[in-house]
Amino acid sequence: MYTSLLYKEWIKSRRAIWLLLAVFAGVGAYLLLATAKQYQADATAYWEFIVQNSDIQTGRMKYLPLAAGILLAIVQLTPEMHNRRLKLTLHLPLDESKTLCTILGFGMTTLAVLFTVTVAALLAGLRVYLSPEMVFADFISLLPWMLGGMAAYLTAAWICLEPVWKQRILNLLPGTCWVSFFYTGALPGAYVPFLPWLVALIVAGFFFPFYSTARFKHGVQ
Amino acid sequence: MDTIIQCENITHYYGSKLIYENLSFEVARGRILGLLGKNGTGKTTIINILTGYLRPYSGVCRIFGEEMGRLSPTVKSRIGLLLEGHIQHAYFNAVQIERFYSRFFPKWKRDAYYGLLEKLRVTPEQKISTMSCGQRSQIALGLLFAQDADLLILDDFSMGLDPGYRRLFVEYLKEYVAAENKTVFLTSHIIQDMEMLIDDCIILDYGSILLHEPAEYITRCFRRFRFTSDATHCPSDNGGILRHTEKIGNRWQTCSFATAAEVEHELKKNGVIPDGLTEEKLSLEDAFIGLTGKY
């Protein structure tokens, strides 16, 4: 039965998932080509610039996971709230909490796979031109942004599932503050001590959409 | 006699506006109950309460003995739900939606769904979002048949349908319900359609149940009486024998469950001397208007 629920999520979001794959692949390829071009122009000057400026090559990807998280939540959950179709989903003969876990789990897993594949491919490509230390600096810079994409997904889910427009707008404020934790400007590696806390924030954020769903169930208007 | 739906003392407000006060009713197994009421009397509200999508201010509803809002997956699998406007997951096509729902229901009847689709020439690959309201209604009906639920809850099943699709929906549903001894709780704005289907009828007034009787009793016993009179004062309803007495010039009409003799006696008691009193049988729709008034 849960497989069938995953099938529903796939049908709703497959176009967006293909689009995200294409965009991530495109941006990844662009970053690799840009790195290759600068490396081939003057490798020594390029490395020197990176070291002296603590520069990272993947900076242009910063807000891409955020956009991916928001887009996926919208394509998955807006159809559920349109004409209050969530009633149909919650009326399925399944435990309602498990149903919601499955829906959110689909989105989180999709994002995790998308981010992991992109980061792995990008870092493997960068390793051709850069030292391991430079690639690691890229990796630890990308990590909070990717977690931020998941936080954005959960915030957007929290807002989408909220039945009252006024409350949606009110949710937007703490939601934005919460997501901004993941995007505070910092030097590469500055986030490392906080990574466990960022993961804890994601775990806590997983329960926000349950609150909206409970309000929907109680018929809050 | 098994009770499938039981509502006890439901009171609900939207803000400070009272919708119901101490609303209580039951639906027995195998009965088809139609809920009638003017706009704003809370027909959809009671369906939302029943299915657990609205917590009332006070009171409790039970379906198959379980409290609304806490229905177990087993009980949910026995309830077929049709939302107002035949709402379905519109991103599926006709084949995908059958594949999706079939995994959830142990008694799923695939042939019932495809049989209906074939009769109505719905293209299996057509996306539900591109279908007309009539086609969507047949998808929704096919899914209800395939689910083989013991209880069908249908919210305004005739909404958006043209007369042909409405008749089709009613005929298929009637045949299915009679053959399978299903219990049905439904609402509709089109009372002629309900008349063909229902056994029992609840008429909601603002805040309470005005009447809960078998539909056959209402159409058999509730009559409209026409007469002429020079009287000027209309007797008030007061929940008594006469309902919604009206006059245009010296032509009068009133409705009542009472006999002609009783109506004549009541009119005279109220100072109205009727001349040429005639009585008419009423359709359910006319009876509804006779009971609730035109506005």
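Predicted model, so just to flag it, every value in this text is computed and none were measured.

What counts and how
- Residues numbered from 1 in each chain as written.
- Chains lettered and ligands numbered in written order.
- Predicted model: local features only at pLDDT ≥ 70, side-chain atom pairs only at ≥ 80, totals over all residues.
- Heavy atoms only, no water.
- Helix = DSSP H or I, 4+ residues; strand = E, 2+ residues; numbered from the N terminus.
- Buried < 20%, exposed > 50% of the residue type's maximum accessible area, 1.4 Å probe, protein only.
- Contact = heavy atoms within 4.5 Å.
- Areas by Shrake-Rupley, 256 points an atom, 1.4 Å probe, with all protein chains shown as cover.
- Lys, Arg positive; Asp, Glu negative; His and termini not counted.
- Charge placed at Lys NZ, Arg CZ, Asp CG, Glu CD.
- Buried area = accessible area lost by both parts, 1.4 Å probe.
- Salt bridge = Lys/Arg side-chain N within 4 Å of Asp/Glu carboxyl O.
- Polar contact = N/O pair within 3.5 Å; in protein donor to acceptor, adjacent residues only side chain to side chain.
- Expected span 1.5 Å × (residues − 1).
- Pairing = 2+ DSSP bridges.
- Patch = residues over 30% accessible without salt bridge, like charges linked within 9 Å, V, L, I, M, F, W, Y side chains within 5 Å.
- Core = buried A, V, L, I, M, F, W, Y, C linked by side-chain atoms within 4.5 Å.
- Domains from an automatic or database assignment.
- Disulfide = S-S within 2.5 Å.

Draft legend 1. Main features of the overall build of chain B. In terms of helices and strands, chain B carries 10 helices and 14 strands. Oriented by its inertia axes, the alpha-carbon framework of chain B measures out at about 70 × 40 × 35 Å. The buried share among the 295 residues of chain B stands at 53%. Considering only residue pairs separated by 6 or more positions, chain B has 69% of its internal contacts joining residues 24 or more positions apart. Of the accessible surface of chain B, which amounts to about 13000 Å², a share of 47% is contributed by carbon and sulfur atoms. Of the side chains in chain B, 34 bear a positive and 37 a negative charge, and the two mean positions are spaced by 4 Å.

Draft legend 2. Region of the structure containing the interface of chain B and chain A. Facing 27 residues of chain B, the contacting portion of chain A comprises 29 residues. For the pair chain B and chain A, the summed buried area comes to about 2800 Å², and 63% of that belongs to carbon and sulfur atoms. Area buried by chain B at its contact with chain A is led by Tyr53, Tyr91 and Phe104 of chain B, which between them contribute 27% of it. Across the chain B-chain A interface, the total number found is one salt bridge. One salt bridge in this structure joins glutamate 96 of chain A and lysine 76 of chain B, with 2.7 Å as the shortest N-O distance. For the pair chain B and chain A, the number of links is 13 residue pairs in polar contact (both at pLDDT 80 or more). For the side of chain B that touches chain A, the secondary-structure elements that each account for two or more residues are helix 2 (73–77), strand 6 (79–82) and helix 3 (94–102) of chain B.

Draft legend 3. Region of the structure containing helix 6 (residues 132–161) of chain A. Across its 30 residues, helix 6 of chain A extends 43 Å between first and last C-alpha, which sits within 8% of the 44 Å expected from 1.5 Å per residue. For helix 6 of chain A, a buried count of 25 out of 30 residues is recorded, marking the element as mostly surrounded by other parts of the structure.

Draft legend 4. Fine view of helix 5 (residues 133–147) of chain B. Between its first and last C-alpha atoms helix 5 of chain B spans 21 Å; for 15 residues at 1.5 Å apiece the expected length is 21 Å, and the two agree. The buried fraction of helix 5 of chain B amounts to 14 of the 15 residues, a majority that puts the element mostly inside the structure.

Draft legend 5. Looking closely at the pairing of strand 1 (residues 3–14) of chain B. Residue and element names in this part refer to chain B. In the sheet, strand 1 pairs with strand 2 (residues 17–28) via eight bridges, with the strands oriented antiparallel. Within strand 2, the position partnered with threonine 3 by the bridge is alanine 28. Counting the residues that bridge the hairpin from strand 1 to strand 2 gives two residues, and of these glycine 15 lies at a positive phi of roughly 65°.

Draft legend 6. View of a nonpolar patch on the surface. Residues and elements named next belong to chain A. Judged by side-chain polarity, Trp10, Trp18 and Leu21 come together as a nonpolar surface patch covering roughly 320 Å² of accessible area. Checked against the element boundaries, leucine 21 lands in helix 1 (residues 2–41). A relative accessible area of 37% means that leucine 21 is categorised as partly exposed.

Draft legend 7. Examining the nonpolar core more closely. Core analysis: the largest hydrophobic core is formed by 113 residues, its most contacted members being Ile5, Phe25, Ile46, Tyr101, Tyr113, Ile139 and Phe185 of chain B. It is helix 6 of chain A that provides the largest number of residues to this core, a total of 16 residues. Setting aside residues up to four positions removed in sequence, isoleucine 5 of chain B forms contacts with Phe25, Glu26, Val27, Leu50, Arg62, Leu151 and Phe185 of chain B. In this structure, Ala140, Leu141, Phe222 and Cys255 of chain B belong to the second largest nonpolar core, which totals 38 residues.

Draft legend 8. Structural detail: the domain arrangement of chain B. All names here are of chain B. Parsing chain B into structural domains produces domain 1 (3–217) and domain 2 (222–292). The interface is formed by 11 residues belonging to domain 1 together with eight residues belonging to domain 2. Roughly 1100 Å² is buried in total at the junction of domain 1 and domain 2, and carbon and sulfur atoms are behind 73% of that figure. Where domain 1 packs against domain 2, one counts zero salt bridges. Scanning the region where domain 1 abuts domain 2 turns up two residue pairs in polar contact (both at pLDDT 80 or more). Every element with two or more residues in the side of domain 1 that touches domain 2 is listed here: strand 3 (32–37), helix 7 (191–195) and strand 10 (208–214). Element by element, the count of residues in the side of domain 1 that touches domain 2 is highest for helix 7, at three residues.

Draft legend 9. Seen up close, the state of the cysteines. Here the structure, examined in full by the defined rule, presents one disulfide over all chains. Cysteine 7 of chain B shares a disulfide with cysteine 61 of chain B; S-S distance 2.3 Å. Its S-S torsion of about 105° marks the bond between cysteine 7 of chain B and cysteine 61 of chain B as right-handed, since a negative value means left-handed. In this pair, cysteine 7 of chain B is assigned in strand 1 and cysteine 61 of chain B in strand 4 (residues 58–63), connecting sequence segments 54 residues apart. The residues cysteine 7 of chain B and cysteine 61 of chain B share a single accessibility class, namely buried. In this structure cysteine 177 of chain A is a free cysteine whose sulfur lies 19 Å from that of cysteine 160 of chain A, the closest cysteine sulfur available. Note on cysteine 177 of chain A: relative accessible area 45%, which makes it partly exposed.

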